[in-house]
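# Survey of secondary and tertiary structure
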Amino acid sequence: MHLILLGAPGSGKGTQAELLAKRLGYTHLATGDLFREAVRGGSELGRLAQSYMERGALVPDEVTIGLVRERLERANPTAQIVFDGYPRKWVQARALDELLASRGEKIDAVILLNVSTPILVERLSGRWVCRAQGHNYHLAFHPPRVAGVCDVDGAELYQRDDDRPEVVQRRIAVFLREIVPLIAYYGAQGVLHEIDGAQEIEAVHRQILSVGGIPKAGSPPRPA
Ligand SMILES: [Zn+2]
């Protein structure tokens, strides 16, 4: 069965997709990884995607869905996939449905991780990174012993542009705007489930398993 995880930046959907991959053998298909793999692999579509990214332009939908198609063709035919970061728009959702239908497959469950904006802002804007080796810190959840200094190597900590509070607010606003048509689309299909994403990681994981109708780990399917 195939799943889509929907959620704002900071909702924890990447973490949950990784848990599904690790414990239940799902193939984690994250859009960012897909682009990086395609560029490294040097396929025609990969080069095309790269040309857009180098210009700082959005990769067009037909290129992205082409990359998803190539990735599915490489996956084990029995692979169960958890989509993370795709689709983001209605047109992408429809293209994904068509692609899966052409393979005799479908999306079985779409899980929306609901997290309130203040919690998202706290989660995202607390991130600080070590300039020397990329060690990660979080002001609320994993603060450094000395403010602004890496515990491991003493290097300076900095905040990525994406994690600055004003940028975080903007990313969340974009998400809230983009998600509306997807909620309508998957709601109409009867596959949408909403989960409180502010809970502990394990609690969210258990709820994904129960609402998604996913059998618990035990005889994990073969990964792709
Ligand atoms: Zn460090």
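Check the entry above for the structure.
Calculation notes
Residues numbered from 1 in each chain as written. Predicted model: local features only at pLDDT ≥ 70, side-chain atom pairs only at ≥ 80, totals over all residues. Heavy atoms only, no water. Donors = N, O, S within 2.8 Å, 3.2 Å for Na, K, Ca; no water. Buried < 20%, exposed > 50% of the residue type's maximum accessible area, 1.4 Å probe, protein only. Helix = DSSP H or I, 4+ residues; strand = E, 2+ residues; numbered from the N terminus. Contact = heavy atoms within 4.5 Å. Pairing = 2+ DSSP bridges. Axes fitted to C-alpha atoms, helices over the stretch in contact; angles between N-to-C directions. Parallel < 35°, antiparallel > 145°, perpendicular 65-115°, else oblique. Left-handed = near helix turned anticlockwise from the far one by under 90°.

Protein coordination of the zinc ion is provided by Cys130 (SG), His135 (ND1), Cys150 (SG), Asp153 (OD) and Asp153 (OD), with donor distances spanning 2.1 to 2.6 Å. In terms of primary sequence, the donors binding the zinc ion are separated according to C-x4-H-x14-C-x2-D. Of the residues examined, Cys150 reaches a relative accessible area of 3% and is grouped as buried.

Within the fold, His2 resides in strand E1 (residues 2–7). A relative accessible area of 5% means that His2 is categorised as buried. Ignoring any residue separated from it by four or fewer positions in sequence, one finds His2 in contact with Ala79, Gln80, Ile81, Phe83, Leu100, Glu105, Lys106, Ile107, Asp108 and Ala109.

It is worth spelling out the pairing of E1 at this point. Where burial is concerned, most of E1 is hidden: six out of the six residues are buried. Burial along E1 is two-sided: His2, Ile4 and Leu6 facing one way and Leu3, Leu5 and Gly7 facing the other are all buried. As paired elements, E1 and strand E4 (residues 107–114) share six bridges and run parallel to each other. By the bridge assignment, His2 is partnered in E4 with Ile107. With three bridges joining them, E1 and strand E3 (residues 81–84) adopt parallel strand pairing. The residue of E3 that forms the bridge with Ile4 is Phe83.

Right, let's get into the packing of helix H4 (residues 61–74) against helix H5 (residues 90–102). Packing of H4 against H5 brings their axes to within 10 Å, and their N-to-C directions diverge by 30 degrees. It follows that H4 is roughly parallel to H5 by the angle criterion. Crossing of H4 against H5: the hand is right-handed. Contacts from Asp61, Ile65, Val68, Arg69 and Leu72 of H4 reach H5 at Val91, Gln92, Ala95, Leu96, Leu99 and Leu100.

Taking strand neighbours across the sheet as the criterion, the five strands line up as E2-E3-E1-E4-E8 in an open arrangement whose pairing is parallel. Edge positions in the sheet fall to strand E2 (27–30) and strand E8 (192–196), since each of these pairs with one other strand and no more. Looking at each pair of strands side by side, their axes are set apart by 25 degrees on average, direction ignored. Of the strands in this sheet, E1, E2, E3 and E4 touch helix H1 (residues 13–24), which is tilted by about 160 degrees from E1. Against the sheet, helix H2 (residues 31–41) touches E2 and E3, its axis set at about 85 degrees to E2.

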